[in-house]
Amino acid sequence: MLRIPNQRSRSRRKPPRTAVGITEDGRLIMLVVDGRSEKSNGASLIDLGQIMLAMGVTDAINLDGGGSSTMITFKNGSYQTKNSPSDGALRSVFNSLVLVKK
């Protein structure tokens, strides 16, 4: 999860973004950029592409944006929200990308 420090008025803040990419050496990168909040400016699609390139991603897809952009992890029987959704709380969303390690 990435927070870009807020330096804009609320009306000019960029939206949250969610993206997934693959690096040249085959690593999977999952990214959520918070936005529209006091903590983070968000990202345009160009910003998102530049962030992914800076992380070494060669192929990427923008999955979502806005208040439903949320990263949740599950470890030791507990779910944890890793970012600050722009709506102030989790949304009831019926689509997700789930990675399971066996």
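Use the structure listed above.
No experiment lies behind these values; they were computed from the predicted model shown.

Student: Can you help me understand the nonpolar core in this one?
Tutor: As a rule of thumb, soluble globular proteins bury nonpolar side chains together. Grouped together as the largest cluster of nonpolar side chains are nine residues: Ala 19, Ile 29, Leu 31, Val 33, Ala 43, Leu 48, Ile 51, Met 52 and Val 57. Breaking this core down by element, the ones donating at least two residues are strand E2 (28–33) and helix H1 (45–54).

Student: Any chance you could explain H1 here in plain terms?
Tutor: Think of an α-helix as turning once every 3.6 residues; residues three or four places apart then point the same way. When we look at burial in H1, the residues that qualify are Asp 47, Leu 48, Ile 51 and Met 52. The buried residues of H1 occupy an angular sector of 135° when the element is viewed end-on, so they sit on one face. The exposed set on the far side of H1, more than 90 degrees from its buried face, consists of Ile 46, Gln 50, Leu 53 and Ala 54. Of the surrounding secondary structure, the elements contacted by the buried residues of H1 are strand E1 (17–23), E2 and strand E3 (57–65). Residue Gly 56 follows H1 closely and has a positive phi angle near 85°.

Student: Whenever I open this one, a nonpolar patch on the surface confuses me. Can you help?
Tutor: Residues Ile 22, Leu 28, Met 30, Ile 61, Leu 63, Leu 97 and Leu 99 make up a contiguous nonpolar surface patch of about 610 Å² in total accessible area. If you list the elements that add at least two residues to the nonpolar patch, you get E2 and E3. Leu 28 sits in the partly exposed class, given a relative accessible area of 42%.

Student: Looking at this structure, I do not really get the pairing of E1. What am I missing?
Tutor: If a strand is regular, its side chains alternate between the two faces of the sheet. Counting buried residues in E1 gives six out of seven residues, a clear majority hidden from the surface. Of the pairings in the sheet, the one linking E1 to E2 comprises six bridges and is antiparallel in character. What sits directly across from Val 20, in E2, is Met 30. Remark: four residues form the turn of the hairpin made by E1 and E2, two consecutive strands paired antiparallel; Gly 26 in that turn has positive phi of roughly 90°. Bridge count for E1 against E3 is seven bridges, and the pairing is antiparallel. Bridging across to E3, Arg 17 finds its partner in Gly 65.

The rules we used
- Residues numbered from 1 in each chain as written.
- Predicted model: local features only at pLDDT ≥ 70, side-chain atom pairs only at ≥ 80, totals over all residues.
- Heavy atoms only, no water.
- Core = buried A, V, L, I, M, F, W, Y, C linked by side-chain atoms within 4.5 Å.
- Buried < 20%, exposed > 50% of the residue type's maximum accessible area, 1.4 Å probe, protein only.
- Helix = DSSP H or I, 4+ residues; strand = E, 2+ residues; numbered from the N terminus.
- Arc of directions from axis to C-beta.
- Contact = heavy atoms within 4.5 Å.
- Patch = residues over 30% accessible without salt bridge, like charges linked within 9 Å, V, L, I, M, F, W, Y side chains within 5 Å.
- Areas by Shrake-Rupley, 256 points an atom, 1.4 Å probe, with all protein chains shown as cover.
- Salt bridge = Lys/Arg side-chain N within 4 Å of Asp/Glu carboxyl O.
- Pairing = 2+ DSSP bridges.

Nothing here speaks to function; it is all geometry.
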